[in-house]
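Remarks on the overall topology
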Amino acid sequence: MPALRQAAPAPPGDAMPGTAGEGLAALAGLAPSAVLERRLDRAAPLLPSLEPRPHIDSPGWAALLDAVTVGETRFFRAAPQLLALRDLMPRLPGRPLRLLSAGCATGEEAWSLALLAEEAGIEAEVLGLDLNRLFLTEAAAGRYPAGPPDALREVPLPFRARFRQAEGWVRPLAARPPAFRRANLIDLPPGIGGFGAVLCRNVLIYLVPAARHAVLRGLVDRLLPGGALLLGPTEFPAPGLPLLPEPGVHGVWRRA
(Lines give C-alpha, C1' and ligand atoms only; values in the text may rest on other atoms or scores of the structure.)
Protein backbone atom coordinates (compact mmCIF):
# COMPACT_ATOMS: atom_id res chain seq x y z
CA MET A 1 0.00 0.00 0.00
CA PRO A 2 1.50 3.41 -0.89
CA ALA A 3 2.46 5.67 2.00
CA LEU A 4 -0.06 8.47 2.41
CA ARG A 5 1.13 12.06 2.75
CA GLN A 6 2.06 13.61 6.06
CA ALA A 7 -0.51 15.75 7.82
CA ALA A 8 0.25 18.98 9.64
CA PRO A 9 2.54 18.58 12.68
CA ALA A 10 0.78 18.28 16.01
CA PRO A 11 1.60 20.51 18.97
CA PRO A 12 3.75 18.75 21.60
CA GLY A 13 1.70 16.24 23.58
CA ASP A 14 -1.34 16.56 21.30
CA ALA A 15 -2.13 13.12 19.84
CA MET A 16 -3.40 13.08 16.27
CA PRO A 17 -3.16 10.91 13.15
CA GLY A 18 0.36 10.95 11.74
CA THR A 19 -0.69 11.18 8.08
CA ALA A 20 -3.40 12.89 6.10
CA GLY A 21 -4.67 9.43 5.19
CA GLU A 22 -5.06 8.50 8.85
CA GLY A 23 -6.97 11.70 9.45
CA LEU A 24 -9.30 10.98 6.55
CA ALA A 25 -9.86 7.46 7.84
CA ALA A 26 -10.72 8.81 11.28
CA LEU A 27 -12.99 11.53 9.90
CA ALA A 28 -14.86 9.80 7.11
CA GLY A 29 -13.70 6.20 7.15
CA LEU A 30 -11.82 6.54 3.85
CA ALA A 31 -9.73 3.46 3.15
CA PRO A 32 -6.16 3.67 1.80
CA SER A 33 -6.09 3.12 -1.94
CA ALA A 34 -4.20 4.09 -5.07
CA VAL A 35 -7.06 6.45 -5.97
CA LEU A 36 -6.84 8.23 -2.62
CA GLU A 37 -3.04 8.43 -2.91
CA ARG A 38 -3.29 10.12 -6.33
CA ARG A 39 -5.83 12.60 -5.01
CA LEU A 40 -3.64 13.38 -2.04
CA ASP A 41 -0.74 13.98 -4.43
CA ARG A 42 -2.81 16.61 -6.23
CA ALA A 43 -3.98 18.08 -2.92
CA ALA A 44 -0.46 18.40 -1.49
CA PRO A 45 -0.65 22.23 -1.26
CA LEU A 46 -3.53 21.85 1.23
CA LEU A 47 -1.67 19.64 3.69
CA PRO A 48 0.29 22.37 5.53
CA SER A 49 -3.03 24.03 6.41
CA LEU A 50 -4.51 20.99 8.18
CA GLU A 51 -5.53 21.65 11.75
CA PRO A 52 -3.89 19.48 14.44
CA ARG A 53 -7.09 17.61 15.22
CA PRO A 54 -9.20 16.45 12.27
CA HIS A 55 -12.79 17.67 12.16
CA ILE A 56 -15.14 17.85 9.19
CA ASP A 57 -15.88 21.54 9.88
CA SER A 58 -12.24 22.58 10.29
CA PRO A 59 -11.36 24.65 7.19
CA GLY A 60 -8.25 22.67 6.30
CA TRP A 61 -9.80 19.23 6.68
CA ALA A 62 -13.02 20.31 4.94
CA ALA A 63 -10.96 21.53 1.98
CA LEU A 64 -9.06 18.25 1.90
CA LEU A 65 -12.30 16.25 1.94
CA ASP A 66 -13.54 18.37 -0.96
CA ALA A 67 -10.35 17.53 -2.85
CA VAL A 68 -10.18 13.77 -2.33
CA THR A 69 -13.73 12.37 -2.08
CA VAL A 70 -15.04 10.48 -5.10
CA GLY A 71 -18.05 11.87 -6.94
CA GLU A 72 -18.85 9.14 -9.47
CA THR A 73 -22.60 9.23 -10.14
CA ARG A 74 -25.01 9.49 -13.05
CA PHE A 75 -28.69 10.01 -13.71
CA PHE A 76 -30.48 6.64 -13.35
CA ARG A 77 -27.25 4.80 -12.65
CA ALA A 78 -28.07 1.08 -12.45
CA ALA A 79 -31.51 1.88 -13.86
CA PRO A 80 -33.01 -1.63 -13.41
CA GLN A 81 -32.51 -1.38 -9.65
CA LEU A 82 -34.09 2.08 -9.57
CA LEU A 83 -37.06 0.93 -11.61
CA ALA A 84 -37.51 -1.94 -9.16
CA LEU A 85 -37.55 0.65 -6.38
CA ARG A 86 -40.24 2.59 -8.23
CA ASP A 87 -42.38 -0.54 -8.31
CA LEU A 88 -41.83 -0.99 -4.57
CA MET A 89 -42.74 2.59 -3.68
CA PRO A 90 -46.48 2.04 -3.18
CA ARG A 91 -45.62 -0.58 -0.52
CA LEU A 92 -42.91 1.38 1.27
CA PRO A 93 -43.73 3.02 4.64
CA GLY A 94 -44.26 6.71 5.25
CA ARG A 95 -46.34 9.40 3.57
CA PRO A 96 -44.94 11.53 2.26
CA LEU A 97 -42.42 8.86 1.37
CA ARG A 98 -38.98 9.94 2.56
CA LEU A 99 -36.08 8.86 0.35
CA LEU A 100 -32.40 9.24 1.21
CA SER A 101 -29.46 9.34 -1.19
CA ALA A 102 -26.52 8.69 1.15
CA GLY A 103 -23.24 9.80 -0.39
CA CYS A 104 -25.15 11.69 -3.07
CA ALA A 105 -22.07 13.37 -4.64
CA THR A 106 -23.27 15.86 -7.27
CA GLY A 107 -26.89 14.82 -6.82
CA GLU A 108 -27.88 12.94 -9.95
CA GLU A 109 -29.17 10.01 -7.89
CA ALA A 110 -31.30 12.24 -5.67
CA TRP A 111 -32.83 13.97 -8.69
CA SER A 112 -33.50 10.55 -10.26
CA LEU A 113 -35.35 9.51 -7.10
CA ALA A 114 -37.54 12.61 -7.25
CA LEU A 115 -38.47 11.82 -10.86
CA LEU A 116 -39.15 8.16 -10.04
CA ALA A 117 -41.51 9.06 -7.21
CA GLU A 118 -43.42 11.52 -9.38
CA GLU A 119 -43.74 8.95 -12.16
CA ALA A 120 -45.07 6.45 -9.59
CA GLY A 121 -47.61 9.00 -8.36
CA ILE A 122 -46.11 8.99 -4.85
CA GLU A 123 -45.73 12.14 -2.78
CA ALA A 124 -42.09 12.05 -1.70
CA GLU A 125 -39.38 14.04 0.02
CA VAL A 126 -35.85 13.33 -1.20
CA LEU A 127 -32.74 14.17 0.81
CA GLY A 128 -29.17 13.94 -0.43
CA LEU A 129 -26.25 13.77 2.01
CA ASP A 130 -22.57 14.21 1.29
CA LEU A 131 -19.41 15.60 2.87
CA ASN A 132 -18.10 17.36 -0.22
CA ARG A 133 -19.20 21.01 -0.27
CA LEU A 134 -18.44 21.49 -3.95
CA PHE A 135 -20.54 18.48 -4.89
CA LEU A 136 -23.45 19.73 -2.80
CA THR A 137 -23.39 23.14 -4.45
CA GLU A 138 -23.68 21.50 -7.87
CA ALA A 139 -26.39 19.13 -6.63
CA ALA A 140 -28.54 21.95 -5.28
CA ALA A 141 -28.17 23.94 -8.52
CA GLY A 142 -29.58 21.00 -10.51
CA ARG A 143 -27.62 22.03 -13.63
CA TYR A 144 -25.24 19.55 -15.25
CA PRO A 145 -22.99 19.46 -18.33
CA ALA A 146 -24.75 17.64 -21.14
CA GLY A 147 -21.54 15.89 -22.18
CA PRO A 148 -19.79 14.13 -23.78
CA PRO A 149 -20.22 11.63 -22.36
CA ASP A 150 -23.97 12.00 -22.63
CA ALA A 151 -25.35 12.93 -19.20
CA LEU A 152 -28.58 11.06 -20.01
CA ARG A 153 -26.97 7.89 -21.36
CA GLU A 154 -28.51 5.67 -18.65
CA VAL A 155 -31.88 7.42 -18.45
CA PRO A 156 -34.72 5.13 -19.68
CA LEU A 157 -36.49 6.57 -22.70
CA PRO A 158 -39.80 7.25 -20.88
CA PHE A 159 -37.94 9.61 -18.53
CA ARG A 160 -36.03 11.59 -21.15
CA ALA A 161 -38.84 14.15 -21.39
CA ARG A 162 -38.28 14.98 -17.72
CA PHE A 163 -35.00 16.74 -18.56
CA ARG A 164 -34.45 20.09 -20.23
CA GLN A 165 -31.40 20.38 -22.50
CA ALA A 166 -30.15 23.75 -23.68
CA GLU A 167 -26.81 25.40 -24.42
CA GLY A 168 -24.77 22.40 -23.32
CA TRP A 169 -26.54 21.91 -19.99
CA VAL A 170 -29.10 19.46 -18.63
CA ARG A 171 -31.68 20.21 -15.94
CA PRO A 172 -33.94 17.59 -14.34
CA LEU A 173 -37.55 18.79 -14.18
CA ALA A 174 -38.75 17.63 -10.78
CA ALA A 175 -41.85 19.30 -9.38
CA ARG A 176 -40.46 18.81 -5.86
CA PRO A 177 -36.66 19.17 -5.99
CA PRO A 178 -34.51 17.21 -3.56
CA ALA A 179 -32.99 18.86 -0.51
CA PHE A 180 -29.25 18.55 0.08
CA ARG A 181 -27.29 18.66 3.31
CA ARG A 182 -23.70 18.22 4.39
CA ALA A 183 -23.33 15.32 6.79
CA ASN A 184 -20.91 12.59 7.75
CA LEU A 185 -22.37 9.14 7.11
CA ILE A 186 -20.37 7.53 9.90
CA ASP A 187 -21.78 9.99 12.45
CA LEU A 188 -25.18 11.17 11.25
CA PRO A 189 -26.62 14.12 13.17
CA PRO A 190 -29.90 13.88 15.10
CA GLY A 191 -33.11 14.55 13.22
CA ILE A 192 -32.21 12.59 10.09
CA GLY A 193 -34.47 9.55 9.88
CA GLY A 194 -37.89 8.14 9.16
CA PHE A 195 -37.00 6.97 5.66
CA GLY A 196 -38.99 4.60 3.51
CA ALA A 197 -35.94 3.91 1.36
CA VAL A 198 -32.22 4.59 1.68
CA LEU A 199 -29.78 4.36 -1.22
CA CYS A 200 -26.10 3.97 -0.33
CA ARG A 201 -24.75 2.62 -3.59
CA ASN A 202 -21.04 2.32 -4.36
CA VAL A 203 -20.11 4.24 -1.22
CA LEU A 204 -19.07 1.44 1.13
CA ILE A 205 -16.36 0.26 -1.27
CA TYR A 206 -14.29 3.34 -0.38
CA LEU A 207 -14.45 2.79 3.39
CA VAL A 208 -12.50 0.81 5.97
CA PRO A 209 -14.44 -2.13 7.47
CA ALA A 210 -15.29 -0.40 10.76
CA ALA A 211 -16.66 2.60 8.88
CA ARG A 212 -18.73 0.38 6.58
CA HIS A 213 -20.35 -1.21 9.62
CA ALA A 214 -20.98 2.17 11.27
CA VAL A 215 -22.55 3.61 8.12
CA LEU A 216 -24.81 0.61 7.58
CA ARG A 217 -25.91 0.50 11.21
CA GLY A 218 -26.72 4.21 11.18
CA LEU A 219 -28.66 3.99 7.93
CA VAL A 220 -30.65 0.92 8.96
CA ASP A 221 -31.52 2.61 12.25
CA ARG A 222 -33.04 5.44 10.22
CA LEU A 223 -35.17 3.16 8.04
CA LEU A 224 -38.81 2.66 8.94
CA PRO A 225 -39.90 -0.98 9.41
CA GLY A 226 -40.55 -2.36 5.95
CA GLY A 227 -38.29 0.27 4.39
CA ALA A 228 -35.82 -0.60 1.63
CA LEU A 229 -32.03 -0.36 1.64
CA LEU A 230 -30.35 -0.28 -1.77
CA LEU A 231 -26.63 -1.05 -2.06
CA GLY A 232 -24.20 -1.31 -4.95
CA PRO A 233 -23.66 -4.54 -6.89
CA THR A 234 -20.65 -5.66 -4.81
CA GLU A 235 -21.88 -4.39 -1.43
CA PHE A 236 -23.68 -6.44 1.19
CA PRO A 237 -24.97 -5.71 4.71
CA ALA A 238 -23.14 -7.25 7.63
CA PRO A 239 -24.77 -10.17 9.47
CA GLY A 240 -26.88 -9.18 12.43
CA LEU A 241 -28.64 -6.22 10.87
CA PRO A 242 -32.46 -6.48 10.78
CA LEU A 243 -32.59 -6.83 7.00
CA LEU A 244 -34.15 -9.36 4.64
CA PRO A 245 -33.32 -9.57 0.93
CA GLU A 246 -36.05 -8.43 -1.41
CA PRO A 247 -36.95 -11.46 -3.57
CA GLY A 248 -35.99 -11.14 -7.19
CA VAL A 249 -34.17 -7.80 -6.89
CA HIS A 250 -30.40 -7.72 -6.53
CA GLY A 251 -29.01 -5.29 -4.00
CA VAL A 252 -32.28 -4.47 -2.21
CA TRP A 253 -33.00 -5.36 1.40
CA ARG A 254 -36.06 -4.62 3.52
CA ARG A 255 -35.92 -3.72 7.18
CA ALA A 256 -37.68 -6.29 9.35
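Residues numbered from 1 in each chain as written. Predicted model: local features only at pLDDT ≥ 70, side-chain atom pairs only at ≥ 80, totals over all residues. Heavy atoms only, no water.

As recorded in an unreviewed UniProt entry, the protein goes by CheR-type methyltransferase domain-containing protein and comes from Roseomonas populi.

1. Focus on the overall build of the protein
Applied cut-off: Secondary structure counts use DSSP, requiring at least four H or I residues in a row for a helix and at least two E residues in a row for a strand, with both numbered from the N terminus. Based on C-alpha atoms, the radius of gyration is set beside the globule rule, defined as 2.2 Å times the residue count to the power 0.38. Note on exposure labels: buried denotes an accessible area under 20% of the residue type's maximum, exposed denotes more than 50%, and partly exposed covers the range between, all computed with a 1.4 Å probe on protein chains only. The criterion used for residue contact is that any of the two residues' heavy atoms lie within 4.5 Å. Note on areas: these come from Shrake-Rupley sampling with a 1.4 Å probe, and a residue is covered only by the protein chains present in the view. As used throughout, the charge tally considers Lys and Arg to be positive and Asp and Glu to be negative, leaving His and the chain termini uncounted. Charge positions are represented by NZ for Lys, CZ for Arg, CG for Asp and CD for Glu.
In terms of helices and strands, the protein carries seven helices and 10 strands. Relative to the 2.2 N^0.38 estimate, which gives 18 Å for 256 residues, the radius of gyration of the protein is 19 Å and therefore close to what a compact globule would have. The C-alpha extent of the protein, read off along each of the three principal axes, is 60 × 50 × 30 Å. By residue count, 50% of the 256 residues in the protein fall in the buried class. Residue pairs at least 24 apart in sequence account for 73% of intrachain contacts in the protein once pairs closer than 6 positions are excluded. Accessible surface for the protein amounts to roughly 11500 Å². Of this, 58% is attributable to carbon and sulfur atoms. Taking the average location of the 27 positive side-chain charges in the protein and that of its 24 negative ones, the two points are 3 Å from each other.

2. Observations regarding the sheet that holds strand β2 (residues 124–130)
By way of backbone hydrogen bonds, the strands of a sheet pair with one another, either parallel or antiparallel. Stated precisely, the cut-off is as follows: Pairing between two strands requires that DSSP report at least two bridges joining them. Fitted lines through C-alpha atoms serve as axes, helices being fitted only where they are in contact, and the angles separating the N-to-C directions of these axes extend from 0 to 180 degrees.
Ordered by their spatial adjacency, seven strands build an open sheet running β6-β2-β1-β7-β8-β10-β9, and the pairing between neighbours is mixed. A single partner strand is all that each edge strand has here, and the edge strands are β6 (179–182) and β9 (243–245). Each neighbouring strand pair of the sheet contributes to a mean axis angle of 25°, computed without reference to strand direction. In this structure, strand β1 (residues 97–102) lies alongside strand β7 (residues 195–200), joined through three bridges in parallel fashion. Bridge pairing in β7 links L99 to A197.

3. With respect to the side chain of T106
Looking at the secondary structure, you find T106 in the loop between β1 and α5 (108–120). In contact with T106, not counting residues within four places along its chain, are G71, T73, F135, E138, A139 and Y144.

4. Side note on the environment of L100
On the secondary structure map, L100 appears in strand β1. In this structure L100 comes out as buried when scored by relative accessible area, which is 0%. Expressed as a C-alpha distance, the spacing of L100 and L131, which sit 31 residues apart in the sequence, is 15 Å. Those residues within four positions of L100 in sequence are excluded, and the remaining contacts are L127, L129, F195, A197, V198, L199 and L219.

5. Notes on the confidence of the model for the protein
Spelled out, the test is: For every residue, the pLDDT score states the predictor's confidence, bounded by 0 at the bottom and 100 at the top.
Confidence in the prediction of the protein, expressed as mean pLDDT, is 92, and 93% of residues score 70 or more. When the criterion is pLDDT under 50, residues 6–16 qualifies, and its contacts beyond four places in sequence or with other chains add up to 22 contacts.

6. Considering α5
For clarity, the cut-off: Working rule for helices: expected span equals 1.5 Å times residues minus one.
The terminal C-alpha atoms of α5, which comprises 13 residues, lie 18 Å apart, in line with the 18 Å expected from a rise of 1.5 Å per residue. Taking burial as the measure, the 13 residues of α5 include 10 buried ones, the bulk of the element. Burial in α5 covers these residues: E108, E109, A110, W111, S112, L113, A114, L115, L116 and A117. Positive phi appears at G121, one or two residues downstream of α5, with a value of about 75°.

7. A closer look at the pairing of β2
Going by this rule: We call a crossover right-handed when, viewed with the strands running away from us, the connection from the first strand over the helix to the second turns clockwise.
Most of β2 sits inside the fold, with six of its seven residues counted as buried. Where β1 meets β2, six bridges bridge the pair, whose relative direction is parallel. Bridge pairing in β2 places L97 opposite A124. The β-α-β motif built from β1, the intervening α5 and the parallel element β2 has right-handed crossover chirality. Sheet topology note: the β2/β6 ladder contains four bridges and is parallel. Bridging across to β6, G128 finds its partner in F180.

8. Observations concerning the environment of R77
Along the chain, R77 falls in the loop between α3 (59–68) and α4 (79–88). In sequence terms R77 and S112 are 35 residues apart; their C-alpha atoms lie 8.8 Å from each other.

9. Observations regarding the environment of A139
Residue position: A139 is located in helix α6 (residues 133–141). In sequence terms A139 and D57 are 82 residues apart; their C-alpha atoms lie 20 Å from each other. With residues near it in sequence (within four places) discarded, A139 still touches A105, T106, G107, W111, Y144 and F180.

10. Here we look at the pattern of salt bridges
Applicable threshold: One speaks of a salt bridge when a side-chain nitrogen belonging to Lys or Arg is within 4 Å of a carboxyl oxygen belonging to Asp or Glu.
With the rule as written, the count across this model stands at 13 salt bridges. Here R86 ties to D87 by a salt bridge, and the two come within 3.2 Å at their closest N and O atoms. Judged by its relative accessible area of 22%, R86 is partly exposed. By relative accessible area, D87 is classed as partly exposed at 47%. Here R176 makes a salt bridge to E123, at a shortest N to O gap of 3.5 Å. Here R176 is found in the loop between β5 (169–172) and β6, whereas its partner E123 is found in the loop between α5 and β2, with 53 residues between them in sequence. Accessibility expressed as a relative area gives 39% for R176, which makes it partly exposed. For E123, a relative accessible area of 51% gives the class exposed. Linked through salt bridges whose partners overlap, the residues forming this network are R98, E123, E125 and R176.

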